[in-house]
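Here is what each chain is made of, one letter per residue.
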Amino acid sequence: MYAKPDSTTMKSRVARAGDAMDAALKSLSYRSVEAEEGRVLPMMRNDNAPRAEAQAPEIAPEIAPEPASATRVPEGLALGRPSREEAEAAVRTLLRWAGDDPNREGLRDTPARVVKAYGQLFGGYDTDAEELLERVFEEVEGYSDIVLVRDIPFYSHCEHHMVPFMGLAHIAYYPTKGVVGLSKLARVVDTFARRLQTQETMTAQIADVIESILKPRGVAVLVEAEHLCMAMRGVQKAGVSTITSQFRGAFKNDPNEQVRFLTLVRGGKG
Ligand SMILES: Nc1nc2c(ncn2[C@@H]2O[C@H](COP(=O)(O)OP(=O)(O)OP(=O)(O)O)[C@@H](O)[C@H]2O)c(=O)[nH]1
Ligand SMILES: [Zn+2]
């Protein structure tokens with residue numbers, strides 16, 4: 001069943017992300033000591049900065065300062081979230097890890113831009129998909145046939161590499177107690193897409209929330225996407241489509257309903 005963002009499942013997911021962030025920040029705090037003292041890690045390539053030949057001395061982990069987030073008591077949204085300054089420092093570390101100089105002019109404002117962009121790209125953690133579906137329009141003359149919203153574009157990031165995957169979502173349901181605003185279905189897609197995801201999880205979450213809030217006679221969700229982590233890196237296969245689906249209620253029980261759904265999704269597309 002669909003797990004509310006404030007449920008145990010979501011908390012543990014966010015807490016795991018928080019733990020990983022804390023670990024990253026812990027290592028970041030060692031780096032910032034080195035940065036302050038002008039030392040450069042030997043494995044780091046930085047063509048825009050003077051190269052340090054000397055081996056960077058080891059810094060004992062026990063003397064490294066704790067990141068502020070390690071001691072902050074999580075509350076509500078916080079759940080171990082680092083501060084904006086910590087997030088920007090993490091971006092500077094990644095820029096150095098990529099081999100560039102975060103202090104050069106073109107990159108100076110990049111950490112702030114990235115953190116701001118993350119607010120939008122991962123804004124789904126701050127949205128409750130259940131709330132989006134709470135407003136139902138009942139005056140629809142008893143309409144109870146299929147409602148299908150197709151070709152909803154989305155952009156997400158895979159939880160394995162944090163690289164984008166994007167595509168189209170198609171959602172159908174048979175209303176029982178009124179219909180939901182069409183834009184809300186697109187908002188539900190965005191809510192789950194704007195988190196670190198697998199395509200399978202995202203597909204199931206969309207179906208789960210529609211099933212649990214609208215209590216439809218049936219719900220079908222089809223997601224088709226291209227994963228850039230398969231195109232730009234790794235196996236490097238561009239143009240590969242992955243299709244995932246979830247059928248609930250009438251769509252699960254009756255193969256004809258699945259055919260109807262798929263026919264409508266593909267209709268007029270040649
Ligand atoms: N099932 C599923 N896999 C995904 C999704 N997004 C990315 N992946 C895959 O996650 C897998 C992670 O595999 P790992 O072997 O742990 O990581 P890796 O060494 O980077 O794998 P390669 O991508 O094969 O280089 C890869 O096969 C990705 O293609 C998704 O939404 N669903
Ligand atoms: Zn990936």
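Here the structure is a predicted model, which is why all the values come from computation and not from measurement.

### Observations concerning the UniProt feature "binding site: Zn(2+)" (unreviewed entry) in the chain
On the UniProt side, "binding site: Zn(2+)" (unreviewed entry) is annotated at positions that read Cys158, His161 and Cys229 here. In three dimensions, the annotated residues from a span of 72 residues occupy one location, with a maximal C-alpha spread of 7.9 Å. On the secondary structure map, cysteine 158 appears in strand E2 (residues 147-158). Setting aside its immediate chain neighbours within four residues, cysteine 158 contacts Val163, Phe165, Leu196, Gln197 and Cys229. You can see histidine 161 is positioned in the loop between E2 and strand E3 (164-174). What makes histidine 161 partly exposed here is its relative accessible area of 36%. The residues touching histidine 161, leaving out its near neighbours within four places in the chain, are Cys229 and Arg233.

### What about the confidence of the model for the chain?
When the pLDDT values of the chain are averaged, the result is 81; 70% of them are 70 or greater. Considering only residues more than four positions removed or in separate chains, one finds that residues 1-76, a stretch of pLDDT under 50, has 91 contacts.

### Describing the packing of helix H6 (residues 182-193) against helix H7 (residues 199-214)
Remark: H6 packs on H7, axes separated minimally by 10 Å, with the N-to-C direction vectors making an angle of 135 degrees. If you check the angle between H6 and H7, you find them oblique. Two packed elements cross with a definite hand, and for H6 against H7 that hand is right-handed. Where H6 abuts H7, its residues Leu185, Val188, Val189, Phe192 and Ala193 lie against Met202, Gln205, Ile206, Val209 and Ile210. Looking at side-chain class alone, the contact of H6 with H7 contains 9 nonpolar, 1 polar and no charged residues.

### A short note on the site of ligand 1
Surveying the vicinity of ligand 1 reveals the residues Cys158, His160, His161, Thr198, Gln199, Glu200, His227, Cys229, Met230, Arg233 and Gly234. Take arginine 233: an N or O atom from its side chain is 2.9 Å from an oxygen atom of ligand 1. Its free accessible area being 630 Å², ligand 1 has 50% of it covered by the protein chains. Sorting the residues of the shell around ligand 1 by element identifies H7 and helix H8 (228-231) as the ones contributing at least two each. Its residues assigned to classes, the shell around ligand 1 shows 3 nonpolar, 6 polar and 2 charged.

### Structural notes on the packing of helix H3 (residues 84-98) against helix H4 (residues 110-121)
The N-to-C vectors of H3 and H4 enclose an angle of 115 degrees; their axes lie 8 Å apart at closest approach. Read as a crossing pair, H3 and H4 show a hand that is right-handed. Along its contact with H3, which presents Arg84, Ala87, Glu88, Val91, Arg92 and Leu95, the element H4 presents Thr110, Pro111, Ala112, Val114 and Val115.

### Comments concerning unusual backbone geometry
One non-glycine residue with positive phi stands out, namely lysine 215, at about 45 degrees. Within the fold, lysine 215 resides in the loop between H7 and strand E6 (218-227). Positive phi, normally seen in glycine, also occurs at glutamine 236, with a value near 55 degrees. By the element assignment, glutamine 236 lies in the loop between H8 and strand E7 (242-249). Judged by its relative accessible area of 54%, glutamine 236 is exposed.

### Remarks on helix H10 (residues 255-266)
Residue pairs three or four apart in sequence face the same way in an α-helix, which turns once every 3.6 residues. In this model H10 runs 16 Å from its N-terminal to its C-terminal C-alpha over 12 residues, within 8% of the 16 Å that 1.5 Å per residue would give. If you check which residues of H10 are buried, you get Glu257, Phe261 and Val265. Each buried residue of H10 lies within a common arc of 75 degrees when the element is viewed along its axis, so the set occupies one face. Facing away from the buried side of H10, by more than 90 degrees, are the exposed residues Pro255 and Asn256. Buried residues belonging to H10 abut E2, E3, E6, E7 and helix H9 (250-253). The residue sitting at the N-terminus of H10 and contributing the capping side-chain oxygen is aspartate 254; that oxygen lies 2.8 Å from the backbone nitrogen of asparagine 256.

The rules behind these values
- Residues numbered from 1 in each chain as written.
- Chains lettered and ligands numbered in written order.
- Predicted model: local features only at pLDDT ≥ 70, side-chain atom pairs only at ≥ 80, totals over all residues.
- Heavy atoms only, no water.
- UniProt positions renumbered as here; feature names shortened; annotations may be inferred.
- Helix = DSSP H or I, 4+ residues; strand = E, 2+ residues; numbered from the N terminus.
- Contact = heavy atoms within 4.5 Å.
- Buried < 20%, exposed > 50% of the residue type's maximum accessible area, 1.4 Å probe, protein only.
- pLDDT = per-residue confidence, 0-100.
- Axes fitted to C-alpha atoms, helices over the stretch in contact; angles between N-to-C directions.
- Parallel < 35°, antiparallel > 145°, perpendicular 65-115°, else oblique.
- Left-handed = near helix turned anticlockwise from the far one by under 90°.
- Nonpolar A, V, L, I, M, F, W, Y, C, P; charged D, E, K, R; others polar.
- Near = heavy atom within 4 Å.
- Polar contact = N/O pair within 3.5 Å; in protein donor to acceptor, adjacent residues only side chain to side chain.
- Areas by Shrake-Rupley, 256 points an atom, 1.4 Å probe, with all protein chains shown as cover.
- Expected span 1.5 Å × (residues − 1).
- Arc of directions from axis to C-beta.

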